[in-house]
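# Survey of secondary and tertiary structure
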Amino acid sequence: MDLRQMEVVVAVAEEGGFTAAARRLHVVQSAVSSTVRALERDLGAPLFDRTTHRVVLTPAGEAFVPAARVALRAADQARAAVDGVQGQVRGRVTVGTMQGVWADLHRALAGLREEHPGVVVRLRQASVVDIRQALREGAVDLAVVALDRQQQRGLVTRLLSREEMVLVTSAERELAGDGPVTLADVAGLPLVDFAPGWAIRHSVDQAFRAALVERSATFEVNDIVAASELVRHDLGVCIMPESIAARFPDLAVHRFAEHAPRWKVMVVRPRGEVPPAVAALLRHIS
């Protein structure tokens, strides 16, 4: 058993298949398959159940992958220790993020690239629920996400920004009254909502519960651009953070009179020692 075999198995587990793992590792799929088979023979147990539609971990695989991640991190730390003696920072950083917070990351990534060109960054975009789980499993080194207090347990967090959300409509849609809107107003309109697990959806759900207002969605999407297109064609209205709404200047923005949904964007990492490459990126995130 060697580190390359572990890296391949972890890639298959995280990407959900051999083809996706091959793309990530920049090798052909047959090389991934043969590496996994060789390791399974060495271990005397299958690590994956393979079907025509998906690849899932067996109980042996479920036990193997976390241990393999620990070994890979230890190897990275050993390399980093040598690099540190030589005044270099190299390695890989896996960053979890979600739609809507890219503005908090691109300047940091540019700064890291200029300072430490030997650091490779892998971005993993997912729902906040999946990212939180990936942080705790060690599949993600750090994340820039919106979390509430309960979701922060067991993690080290630092606040980056906080803001209220606004109602976004087409420029042609007329709303009753000229002032701020209420959640009751929104409940009577065709609503473009985000999928469960999204941080925006979580905040919007909390706000409606606090206001004692029931609402139902006309559309449910998992993409901000798709939401904006539905609003642009006046098929519905959408609640989103003001910083995201600002990316669509042709849409109308309406503030809430009360009970406005809010979110807090944080940089989050697991507890414990911070590898040099991760620490270098954290210094650029502000």
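What you see is a predicted model, and the numbers here were worked out from it, not measured in a lab. (Residues numbered from 1 in each chain as written. Predicted model: local features only at pLDDT ≥ 70, side-chain atom pairs only at ≥ 80, totals over all residues. Heavy atoms only, no water.)

### Describing the environment of Q206
Looking at where Q206 falls in the secondary structure, it is placed in helix α8 (residues 199–210). Distance from Q206 to A260, taken between C-alpha atoms, is 9.9 Å for residues 54 residues apart in sequence. (Helix = DSSP H or I, 4+ residues; strand = E, 2+ residues; numbered from the N terminus.)

### Section: the packing of aromatic side chains
What the rule picks out here adds up to 2 aromatic pairs. A centroid spacing of 6.0 Å and a plane angle of 65 degrees characterise the contact between F18 and F48, whose relative ring orientation is edge-to-face. One end of the pair, F18, is in helix α2 (residues 18–25); the other, F48, is in strand β1 (residues 48–50), and 30 residues separate them in sequence. Aromatic side chains F194 and W198 sit 4.9 Å apart centroid to centroid with 10 degrees between the ring planes, which places their arrangement in the stacked category. Of the two residues, F194 and W198, both sit in the buried class. (Phe/Tyr/Trp six-rings, centres within 6.5 Å; stacked < 30°, edge-to-face > 60°. Buried < 20%, exposed > 50% of the residue type's maximum accessible area, 1.4 Å probe, protein only.)

### Let's talk about helix α1 (residues 3–15)
Residues spaced three or four apart along an α-helix face the same direction, because each turn holds 3.6 residues. For α1, with 13 residues, the first-to-last C-alpha span of 18 Å sits near the 18 Å given by 1.5 Å per residue. Among all positions of α1, only Q5, M6, E7, V8, V9, V10, A11, V12 and E14 are buried. Among the residues of α1, the N-terminal cap falls to D2, whose side-chain oxygen and the backbone nitrogen of R4 are separated by 3.2 Å. Phi for G16, located one or two positions after α1, is positive at around 80 degrees. (Expected span 1.5 Å × (residues − 1). Polar contact = N/O pair within 3.5 Å; in protein donor to acceptor, adjacent residues only side chain to side chain.)

### Focus: helix α3 (residues 29–43)
The end-to-end C-alpha distance of α3, which contains 15 residues, comes to 21 Å, matching closely the 21 Å that a straight helix rising 1.5 Å per residue would cover. Residues of α3 that are buried: V32, S33, V36, L39 and E40. Seen along its axis, α3 keeps its buried residues to an arc of 135 degrees; they face one direction. Facing away from the buried side of α3 by more than 90 degrees, the exposed set consists of S30 and R41. Among the residues trailing α3, G44 stands out with phi positive, at a value near 75 degrees. (Arc of directions from axis to C-beta.)

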